[in-house]
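# Observations on the model geometry
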Amino acid sequence: MANSALPIILILNGPNLNLLGQRQPEIYGTATLSEHINAAKEKAAKLGFEVETLVAQSAGEIVSAIHGARSRCAAIIINPGALTHFAWSLNDALATFDGPKIEVHLSNPATRDPWRHESVVAPVVSGTIAGFGANGYKFAIDAVATLLADKK
Ligand code: DQA
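Fair warning: this is a prediction, and the values are worked out from it, not measured in the lab.

## Section: the pattern of salt bridges
- Inspection of the entire model under this criterion finds three salt bridges.
- Taking the shortest distance from any N to any O, the salt bridge between arginine 116 and aspartate 113 comes out at 2.5 Å.
- Classification of aspartate 113 by relative accessible area gives partly exposed; the value is 31%.

## Focus: the packing of helix α2 (residues 33-46) against helix α5 (residues 136-151)
- Contact geometry for α2 and α5: axes closest at 8 Å, N-to-C directions at 25°. With respect to their mutual orientation, α2 and α5 come out roughly parallel. Note on packing geometry: the crossing formed by α2 with α5 is right-handed. Along its contact with α2, which presents Leu33, His36, Ala39, Ala40, Lys43 and Ala44, the element α5 presents Tyr137, Lys138, Ile141 and Asp142.

## A few points about the sheet that holds strand β1 (residues 8-13)
- Taken in spatial order, the five strands make up an open sheet running β2-β1-β3-β4-β5, and their pairing is parallel. A strand with exactly one partner marks an edge of an open sheet, and here the two such strands are β2 (50-55) and β5 (127-130). Neighbouring strand axes in the sheet, compared pairwise and without regard to direction, differ in orientation by 20° on average.
- Its contacts with the sheet place α2 against β1 and β2, and it is angled at close to 160° to β2.

## Topic: the site of the ligand
- Residues in close proximity to the ligand include Arg23, Tyr28, Asn79, Gly81, Ala82, His85, His105, Leu106, Ser107 and Arg116, which together make up its full environment.
- In the environment of the ligand, an oxygen atom lies 2.8 Å from a nitrogen or oxygen atom belonging to the side chain of asparagine 79.
- Measuring from an oxygen atom of the ligand, one finds a side-chain N or O atom of histidine 85 at 2.7 Å.
- Burial of the ligand by the surrounding chains reaches 99%, relative to a free accessible area of 320 Å².
- Here the shell around the ligand is composed, by residue class, of three nonpolar, five polar and two charged.

About the criteria used
- Residues numbered from 1 in each chain as written.
- Predicted model: local features only at pLDDT ≥ 70, side-chain atom pairs only at ≥ 80, totals over all residues.
- Heavy atoms only, no water.
- Salt bridge = Lys/Arg side-chain N within 4 Å of Asp/Glu carboxyl O.
- Buried < 20%, exposed > 50% of the residue type's maximum accessible area, 1.4 Å probe, protein only.
- Axes fitted to C-alpha atoms, helices over the stretch in contact; angles between N-to-C directions.
- Helix = DSSP H or I, 4+ residues; strand = E, 2+ residues; numbered from the N terminus.
- Parallel < 35°, antiparallel > 145°, perpendicular 65-115°, else oblique.
- Left-handed = near helix turned anticlockwise from the far one by under 90°.
- Contact = heavy atoms within 4.5 Å.
- Pairing = 2+ DSSP bridges.
- Near = heavy atom within 4 Å.
- Polar contact = N/O pair within 3.5 Å; in protein donor to acceptor, adjacent residues only side chain to side chain.
- Areas by Shrake-Rupley, 256 points an atom, 1.4 Å probe, with all protein chains shown as cover.
- Nonpolar A, V, L, I, M, F, W, Y, C, P; charged D, E, K, R; others polar.

Following this line, the structure appears as structure tokens:
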């Protein structure tokens, strides 16, 4: 459970990302999701943030987590997996969240199948980090820290 004294960054991961490390390593690398999250947590701790995480196989679970983050979390980092490309309920939910929102993809969907080229969450996030593999979640923590510092 998060230490409520520190601002909380919620890291959301969508379907099939629990299989990182086993799933198409030639595209997604050999690190597991836990390894990515732990690296992000380490970075966040150094910058004075607490991290909460959810790995969900359905859009509804992610929508509920976004609702729960409103007025409670400082920022959201989200890799919606394939939901990125069609789950408009994520767009609506993210639009209700006021803090920085960073979309992360390990691969670069723009270089892959045409159906991956559209992100339905892109219009409502602060920015997107894609194609940096293992570094993506860490870069996203840096982005959150910068955006929150700029707001002060
Ligand atoms: C992904 C890219 C999506 O197109 C894909 O469906 C995923 C992973 C990525 O991190 O590169 O599941 O979000």
